[in-house]
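Spelled out from the first residue to the last, the chains are:
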Amino acid sequence: VFVMPAADHPVPRHPGRILLEDYLIPMRLSQYDAAKRLYAPESTVNGVVAGTEKLTWSLAKRMSAVFGKTPKFWMESQRAWDKWRLEQAGDLPAV
């Protein structure tokens with residue numbers, strides 16, 4: 001889930017990037033195909049992959065059923081990404 005940048009600070013991968021790089025590309029699935037398997041609007045899957053839409057618990061549960069990992073894994077990846085972005089913006093003190 002993490003990528004190490006030069007400064008040795010872990011940067012979490014966005015859940016959409018995980019979905020794209022670890023599942024869609026290796027499985028040769030389009031975002032349209034993923035949306036059909038997830039019973040989700042294509043625009044929702046596009047938004048998650050693009051990083052413009054956050055995961056919901058409902059979508060995380062469906063992603064778990066279709067692609068593996070647990071719903072908690074998917075939601076934690078979203079939480080880690082959100083926290084990192086807030087820290088970068090200076091809106092959250094680093095812990």
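Model, not experiment: these values are computed from the prediction.

Student: Summarise the overall build of the protein chain; cite the residues concerned and give the values.
Tutor: If you tally the helices and strands in the protein chain, you get five helices and two strands. The order of α-helices and β-strands along the protein chain, N terminus first, is β-β-α-α-α-α-α. Evaluated residue by residue, the protein chain yields a buried proportion of 33% over its 95 residues. Intrachain contacts of the protein chain at a sequence separation of at least 6 include 42% that bridge at least 24 residues. Carbon and sulfur atoms make up 57% of the accessible area of the protein chain, which totals about 6000 Å².

Student: Could you give an account of the nonpolar core, naming the residues involved and the relevant values?
Tutor: The biggest cluster of nonpolar side chains holds 18 residues, and the ones touching the most others in it are Leu19, Met63, Phe67 and Trp74. Listing elements by their share of this core, those giving two or more residues are α1 (15–27), α2 (31–38), α3 (42–50) and α4 (57–67). Apart from the residues within four sequence positions on either side, tryptophan 74 is in contact with Pro15, Ile18, Leu19, Tyr23, Leu55, Ala60, Met63, Ser64, Gly68 and Lys69.

Student: Residue-level account of the confidence of the model for the protein chain, with values.
Tutor: Mean pLDDT over the protein chain stands at 89; residues scoring 70 or higher make up 85%. Throughout residues 1–6 the model reports pLDDT below 50, and contacts reaching past four residues in sequence, or to other chains, amount to 15 contacts.

Student: So, the packing of α2 against α4: which residues are in play, and what are the values?
Tutor: When two helices pack together, their arrangement is given by the angle between the helix axes and by the axis-to-axis distance. Here α2 crosses α4 at 105°, and the two axes come no closer than 9 Å. Considering the angle they form, α2 stands roughly perpendicular to α4. Of the residues in α4, those touching α2 at Ala34, Arg37 and Leu38 are Leu59, Arg62, Met63, Val66 and Phe67. Partitioned by chemical class, the residues of the contact of α2 with α4 number six nonpolar, no polar and two charged.

Quick notes on the rules
- Residues numbered from 1 in each chain as written.
- Predicted model: local features only at pLDDT ≥ 70, side-chain atom pairs only at ≥ 80, totals over all residues.
- Heavy atoms only, no water.
- Helix = DSSP H or I, 4+ residues; strand = E, 2+ residues; numbered from the N terminus.
- Buried < 20%, exposed > 50% of the residue type's maximum accessible area, 1.4 Å probe, protein only.
- Contact = heavy atoms within 4.5 Å.
- Areas by Shrake-Rupley, 256 points an atom, 1.4 Å probe, with all protein chains shown as cover.
- Core = buried A, V, L, I, M, F, W, Y, C linked by side-chain atoms within 4.5 Å.
- pLDDT = per-residue confidence, 0-100.
- Axes fitted to C-alpha atoms, helices over the stretch in contact; angles between N-to-C directions.
- Parallel < 35°, antiparallel > 145°, perpendicular 65-115°, else oblique.
- Nonpolar A, V, L, I, M, F, W, Y, C, P; charged D, E, K, R; others polar.

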